[in-house]
Amino acid sequence: MHAGLRITAYAAALAATFGTAYGVGQGIGPVVDDAAPVRHDAHAGDGDPERAPDSGGAGHSGHAGDSGQESPPAGGLQISEAGYTLDLGTPRLAAGRTTDLRFTIRGGDGRAVTAFRTEHDKELHLIVASRDLNTYRHLHPTRAADGTWSIPVALPRAGGYRVFADFTPEKKGAENLTLGADLAVSGAYDPQPLPAPSTTAETDGYEVKLGGALRPGAARALKLTVSRDGRPVTDLQPYLGAYGHLVALRSGDLAYLHVHPNGEPGDGTTRPGPTVTFTATAPSAGTYRLFLDFKHEGKVHTAAFTVRAGGEAGGTAEETPHDSSGAHGH
């Protein structure tokens, strides 16, 4: 079941990482909602500022002010950090086949970690993304008593992938971490370019419009507005304790940002659509892929965009015309 990836296909995967396109909207498809939502820590209000409040989050690891002098650290670039290691037990699988993806989080002593804090309804969030950022999965695996996590996964295309484990150990003073490891998917490799620029994504019959700007080192509001059949969706349902979740990945090295929503269901001010607002800070200039998960009528849907840090969402960059995707955030 774990077929090896040919060296030639793997080399092609590395060589074909991302073109020069910088704006796109694309539907990714539904994901599985496997738990009832609970409340999470409140963030900034549900306002509509061009410049986001200083308290807005741009990644679990840190925040940056509006001065542009500090950028938040990017996650997922390291397999080990702060004494914890992502031990990927399934480093290879075959395209189109459902396979149990298994992994363990190990502490500095090499033992499996079995105690985690619950954040956004889950002890751990697992993101799987292809190197060309055309395939994306937001998953919630099951942890066994011995600390082994597992979940059935079927990836449609061969090539190089990145697996991200987003978690916080249940230990005094422990901070949120995102560890990353490479995953090889065997089969006939056909690299895909990013689709044409657009500020609108269609997914499962829904239309999502993206507004706002992503700036390096500065907190900014991103507004995502959901409609269906030309009508605004005003009855979004809570998913993982919010009306939407946004993950950003930097092209080239796939640096990871889990962006926090502004407000939460039941706080008295946050409306259930049609617009969900996030505060985001890019760790550097460059091209980023944004993935929005939202829930409506009992199903979770994912819409995807590509944006350029420093320009309007989905539009032309205002600065740094070259692609700095090779930069590292840690």
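Residues numbered from 1 in each chain as written. Predicted model: local features only at pLDDT ≥ 70, side-chain atom pairs only at ≥ 80, totals over all residues. Heavy atoms only, no water.

Engineer: Now, about the sheet that holds strand S9 (residues 148-153): what can you tell me, with residues and values included?
Structural biologist: Read from one edge to the other, the open sheet built from 5 strands follows the order S2-S3-S5-S9-S8, with strand pairing classed as antiparallel. Looking at strand neighbours, the two that pair on one side only are strand S2 (80-81) and strand S8 (142-143), the edges of this open sheet. When S2 meets strand S3 (residues 84-88), the two strands line up antiparallel, connected through 2 bridges. Bridging from a neighbouring strand, Ser80 pairs with Thr85 of S3. (Pairing = 2+ DSSP bridges. Helix = DSSP H or I, 4+ residues; strand = E, 2+ residues; numbered from the N terminus.)

Engineer: Run through the sheet that holds strand S4 (residues 92-94), naming residues and quoting values.
Structural biologist: Reading across the sheet, the 5 strands line up as S4-S11-S10-S6-S7 and stay open at both edges, with mixed pairing between neighbours. Two strands in the sheet have a free side with no partner beyond their single neighbour: S4 and strand S7 (136-139). The average undirected angle you get between the axes of adjacent strands in this sheet is 25 degrees. One ladder, built from 4 bridges, connects strand S6 (residues 124-130) with S7; its direction is antiparallel. (Axes fitted to C-alpha atoms, helices over the stretch in contact; angles between N-to-C directions.)

Engineer: Could you give an account of the pattern of salt bridges, naming the residues involved and the relevant values?
Structural biologist: A complete count under the given rule lists 9 salt bridges for this structure. Among the ionic pairs, Asp132 bridges to Arg157, the shortest N-O distance being 3.0 Å. One end of the pair, Asp132, is in the loop between S6 and S7; the other, Arg157, is in the loop between S9 and strand S10 (159-167), with 25 residues separating them in the sequence. Of the charged contacts in the structure, one is a salt bridge between Arg228 and Glu297, with a shortest N-O distance of 2.9 Å. Here the residue Arg228 occupies a position in strand S14 (residues 220-228), and Glu297 occupies one in the loop between strand S19 (286-296) and strand S20 (299-309), the gap between them amounting to 69 residues. Glu297 gets classed as exposed once you look at its relative accessible area, which sits at 53%. Three or more residues joined by partner-sharing salt bridges are found here, namely Arg131, Arg162 and Asp182. (Salt bridge = Lys/Arg side-chain N within 4 Å of Asp/Glu carboxyl O. Buried < 20%, exposed > 50% of the residue type's maximum accessible area, 1.4 Å probe, protein only.)

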